[in-house]
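Residues per chain, in single letters:
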Amino acid sequence: MSDKKALDRRGFLKAAGLAGAGVAASAAPAFAQAKPDPNITEVQDWARTLGEGVQAYPYGKPSEFEKHVVRRDVEWLTASRESSVNFTPLHELDSIITPSGLCFERHHSGIANVDPSKHRLMINGLVDKQMVFTMEDIKRFPGRYNKAYFLECAANSGMEWRGAQLNGCQFTHGMVHNVWYTGIPLKTLLDEAGVKTNGKWLLAEGADSSAMTRSIPIEKALKDCMVVWGMNGEALRPEQGYPLRLVVPGWEGNMWVKWLRRLEIGDQPWHHREETSKYTDLLADGRSRRFTWIMDAKSVVTNPSPQAPMKHKGPNVLNGIAWSGRGKITRVDVTLDGGRNWRTARLDGPSMEMSMARFYFDFDWDGRELMIQSRAMDETGYVQPTKDELRKVRGTNSIYHNNGIQTWLVRSNGETENVEIS
Amino acid sequence: MSKSLKLLICAAAIAVVSAGAIAQSSKKTGLGREALPQEVAAWDIDIRPDGGGLPVGRGSVKEGEPLYLEQCASCHGEFGEGVGRWPVLAGGHGSLTHEGPEKTIGSFWPYTSTVFDYVRRAMPFGNAQSLTADQTYAITAYLLHLNDVVDDKFVLSNENFPKVKLPNQAGFYDDDRESTEKHFWNKSPCMTNCKPAPAKVTARARVIDVTPDTKDTPKVD
């Protein structure tokens, strides 16, 4: 309140001063100290000459001034780039849809280069009729629809279990993206083959040279899973599973099998590599949770963050994303003082179930040190826990499902750092 | 009830039945075709813990050793210890409660079938599905031996396969977050004066310094 008064008063004085100067020297420029901006007074090249014509870029690219907005990897994390991961530049993005070319990648045997005319989808196992579909068959099925879902790798933020490690939300939280998918319900395909009554599990398999497999309970397969060929209005990118991938809303990214070639129905889970030696959560007592499919509610402030530090005192927009595998994001709170006091942020745009939500918090910065956090809540009443609350239940060895509250320390020089606080 | 009303109800019932029949028949689109047995056999190579899906075959620890050294050791190490950041396959017994646990076939993996299935579908890295069934049995047998699960005379086959148990099979249980983490559901989380004292920094990523090209200090105006 007092800040606002002061601002109004300054504004008033400034206006009064200007009016006075105008009276005293009516012919002189009002801002004797100000130099005109050459970006305005000089004609720029792009305002004088012709630009490139249509078809200079049959498939358009971002401006050359946006070259730094790219996926990045952390070389020491993995043994080879064919079996590795890179990260979405969350601090450079806004709104809720992730541009296709910036969606993080995770491959187990590199990017399969699949010819769609040679791609087949097989359904086998406990079905009335074992079947094969071409891509053309799949695109002729009735009931096509479009829906946005987030995909988060279960290992997102996995490097942070033992403490603050990587400086940048791209690296700490960048294994997430949010995409509009085009496809059909998985149920439609399964109905065509006819799932037998003892069919309780589905094995999804990829066509890449890791032949990625995951077991999915039949209830989930029939409830809301999609078989998709489109992302953000165009074909899937090769690195996202072109020509066909599975969408498993709200569940860990590893289950969204890319280059999808086979669906097998069985009466029990397969316990393959990606659901035993990996993607199980080792707890402090040495035992492990398995089948931890749902991604719990999570959020992160993307601006400011270590790669996007504070540059200005005065008005600033705190910007971030939130998502939950259990449904809609209903609320996000933010704190500037390390969790002593919280304010509810503004959710912008649609908040759809199991899709990313965007939040903003407009604030004035006086140059004081800040400890910024965000805390997401979903429609089930789940509240994003602190990292210490998570560690209390799970220890520090679980790698996966770290949805703890992230802290960014903003120093008075604007430098922003990944820290943990008391 | 009047005769005409009865007739009307009857007609309505017939309409419902026939509409249902149409919906039923339109459920199948007729798209796609039946898969041939040879096609299913070519792709359905997955193995389950009970041995379901195993091909007929056999392989010994002795036969597995030279195969492993030739096909696997360049990444996984001669003794399964892992080269660089490639996966460690042996050792790590009793390490699951330590900081930096070693999650190997012997210390962590629940089922032998996972080893066979993954080697069969995805290994050797970059030359997947190049091993015969007998070679896969032999490499799996050798890996079991490296993990002290079987002795060096052991021969693994589709017949004795389901009997080979891994030590950590009982170490897994189904997701229980909704009960053990029930306290994370809270309709009214604290909004003001939530901590008794100002927060203090306890850990810093900068100190660890593992982030790719850390940028210079920004300028504030």
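Since we're looking at a predicted model, the values are computed, not measured.

Trainee: Before we go on, may I ask you to explain the overall build of chain A in this structure?
Mentor: A tally of regular secondary structure across chain A gives eight helices and 21 strands. Projected onto its principal axes, the C-alpha positions of chain A cover 95 × 60 × 40 Å. When burial is assessed residue by residue, chain A has 50% of its 422 residues classed as buried. Within chain A, contacts between residues at least 6 apart in sequence are counted, and of these 69% link residues at least 24 apart.

Trainee: Help me understand the overall build of chain B in this model?
Mentor: Looking only at helices and strands, chain B has eight helices and five strands in total. Sequence-ordered secondary structure for chain B, helices as α and strands as β, is α-β-α-β-α-α-α-α-β-β-α-β-α. Here chain B holds 221 residues, and the buried ones make up 28% of them. In chain B, the share of contacts with a sequence separation of at least 24, taken over all contacts with a separation of at least 6, comes to 58%.

Trainee: I would appreciate a short explanation of helix H3 (residues 61–71) of chain B in the present structure.
Mentor: Residues and elements named next belong to chain B. Turning to H3, its buried residues are Val-61, Gly-64, Leu-67 and Tyr-68. For H3, the arc enclosing every buried residue in end-on projection is 120°, short of the 170-degree limit, so these residues lie on one face. Seen from the buried face of H3, the exposed residues on the opposite side, beyond 90 degrees, are Pro-66, Leu-69 and Glu-70. The inward-facing, buried residues of H3 abut strand E2 (58–60), helix H4 (73–76) and helix H6 (133–146).

Trainee: Even after reading the chapter, I still don't get helix H6 (residues 186–193) of chain A, so can you show me in this structure?
Mentor: Because each turn of an α-helix spans 3.6 residues, side chains separated by three or four positions in sequence point in the same direction. Residues and elements named next belong to chain A. Within H6, the full set of buried residues consists of Leu-186, Leu-189, Leu-190, Glu-192 and Ala-193. Looking straight down H6, one finds its buried side chains confined to an arc of 155°; they lie on one side. Considering only its buried residues, H6 is in contact with strand E1 (120–125), strand E2 (131–134), strand E4 (176–185), helix H7 (218–223) and strand E7 (226–231). Two residues or fewer past H6, Gly-194 is found with a positive phi of approximately 80°.

Trainee: Is there a simple way to explain the environment of Leu143(B) in this structure?
Mentor: Along the chain, the position of Leu143(B) falls in helix H6. On the neighbour-count criterion, Leu143(B) (28 C-beta atoms within 10 Å) is buried.

Trainee: What is the right way to look at the confidence of the model for chain B in this model?
Mentor: One rule of thumb: low pLDDT means the predicted coordinates there are not for detailed reading. Residue and element names in this part refer to chain B. Residue-level pLDDT values for chain B average 89, and 85% of them are 70 or greater. For the stretch residues 7–25, pLDDT sits under 50, and the model shows zero contacts to residues farther than four places along the chain or on other chains. Scored by ipTM, the complex comes to 0.89, with pTM at 0.90.

Trainee: Can you help me understand the packing of helix H5 (residues 112–122) of chain B against H6(B) in this one?
Mentor: In helix packing, the relevant descriptors are the interaxial angle and the interaxial distance, both defined with respect to the helix axes. All names here are of chain B. Two elements in contact, H5 and H6, have axes separated by 10 Å at closest approach and are oriented at 135°. One finds that H5 runs oblique with respect to H6. Judged by the twist between their axes, the crossing of H5 over H6 is right-handed. Facing H5, whose interface residues are Thr-112, Val-115, Phe-116, Val-119 and Arg-120, H6 presents Thr-136, Ile-139, Thr-140, Leu-143 and Leu-144. Tallied by class, residues from the contact of H5 with H6 come to six nonpolar, three polar and one charged.

Trainee: Explain the confidence of the model for chain A here, please?
Mentor: On average, residues of chain A carry a pLDDT of 93, and 92% of them reach 70 or more. Every residue in residues 1–29 of chain A is under pLDDT 50, and counting partners more than four places away or in other chains gives four contacts.

Trainee: I tried to follow the interface of chain B and chain A on my own but got confused; where do I start?
Mentor: Interface size is commonly expressed as the accessible area that is lost once the parts come together. The partner chain A presents 80 residues to the 70 residues of chain B that form the contact. The element that contributes the greatest number of residues to the side of chain B that touches chain A is H5(B), accounting for six residues. Of the residues in the side of chain B that touches chain A, the class split is 32 nonpolar, 15 polar and 23 charged. The pairing of strand E21 (residues 416–421) of chain A with strand E5 (residues 201–204) of chain B spans three bridges and is antiparallel.

Trainee: Explain the domain arrangement of chain A here, please?
Mentor: All names here are of chain A. As far as domains go, chain A holds domain 1 (80–289) and domain 2 (298–419). For domain 1 and domain 2, the distance between their C-alpha centroids amounts to 27 Å. The partner domain 2 presents 32 residues to the 34 residues of domain 1 that form the contact. Listed by contribution, the elements that provide at least two residues to the side of domain 1 that touches domain 2 are strand E3 (145–152), helix H5 (169–173), E4 and strand E11 (281–282). Considered class by class, the residues forming the side of domain 1 that touches domain 2 number 18 nonpolar, eleven polar and five charged.

Trainee: I keep staring at unusual backbone geometry and nothing clicks. Help me out?
Mentor: Following Tyr242(A), the chain continues to Pro243(A) via a peptide bond in cis, the omega torsion being 10°. The residue Pro243(A) is located in the loop between strand E8 (234–235) and strand E9 (245–247) in this model. Here the amide bond leading from Met123(B) into Pro124(B) is cis, since omega sits at -5°, within 30 degrees of zero. Structurally, the position occupied by Pro124(B) is in the loop between H5 and H6. One non-glycine residue with positive phi stands out, namely Asn232(A), at about 50°. As for its placement among the helices and strands, Asn232(A) is situated in the loop between E7 and E8.

Trainee: What is the right way to look at the sheet that holds strand E14 (residues 314–323) of chain A in this model?
Mentor: Each strand in a sheet pairs with its neighbour through backbone hydrogen bonds, running either in the same direction (parallel) or in the opposite one (antiparallel). Residues and elements named next belong to chain A. Judged by pairing direction, the sheet is antiparallel, and its four strands sit side by side in the order E13-E14-E18-E17 without closing on themselves. Sheet topology places strand E13 (298–303) and strand E17 (346–348) at the edges, where each strand pairs with a single neighbour. Ignoring which end each strand starts from, the neighbouring axes of this sheet average 35° apart. Looking at chain direction, E13 and E14 are connected through five bridges and run antiparallel. Bridge assignment links Asn-303 to a residue of E14, and that residue is Asn-319.

Trainee: Help me understand the nonpolar core, please; the structure alone is not making it clear to me.
Mentor: A general tendency of soluble globular proteins is for nonpolar side chains to be buried together. Counting 137 residues, the largest nonpolar core has Val227(A), Leu246(A), Val247(A) and Ile372(A) as the members making the most contacts within it. With eight residues, H6(B) is the single largest residue contributor to this core.

Trainee: Explain the environment of Trp408(A) to me, please; I cannot follow it from the model alone.
Mentor: Residue and element names in this part refer to chain A. Mapping Trp-408 onto the fold places it in strand E20 (residues 407–410). Taking the C-alpha atoms as reference, Trp-408 lies 6.0 Å from Val-419; in sequence the two are eleven residues apart. Discounting chain neighbours no more than four positions away, the residues touching Trp-408 are Val-301, Pro-304, Ser-305, Ile-372, Thr-416, Glu-417 and Asn-418.

Conventions and cut-offs
- Residues numbered from 1 in each chain as written.
- Chains lettered and ligands numbered in written order.
- Predicted model: local features only at pLDDT ≥ 70, side-chain atom pairs only at ≥ 80, totals over all residues.
- Helix = DSSP H or I, 4+ residues; strand = E, 2+ residues; numbered from the N terminus.
- Buried ≥ 20, exposed ≤ 12 C-beta atoms within 10 Å, placed from the backbone.
- Contact = placed C-beta atoms within 7 Å.
- Arc of directions from axis to C-beta.
- pLDDT = per-residue confidence, 0-100.
- Axes fitted to C-alpha atoms, helices over the stretch in contact; angles between N-to-C directions.
- Parallel < 35°, antiparallel > 145°, perpendicular 65-115°, else oblique.
- Left-handed = near helix turned anticlockwise from the far one by under 90°.
- Nonpolar A, V, L, I, M, F, W, Y, C, P; charged D, E, K, R; others polar.
- Pairing = 2+ DSSP bridges.
- Domains from an automatic or database assignment.
- Core = buried A, V, L, I, M, F, W, Y, C linked by C-beta atoms within 7 Å.

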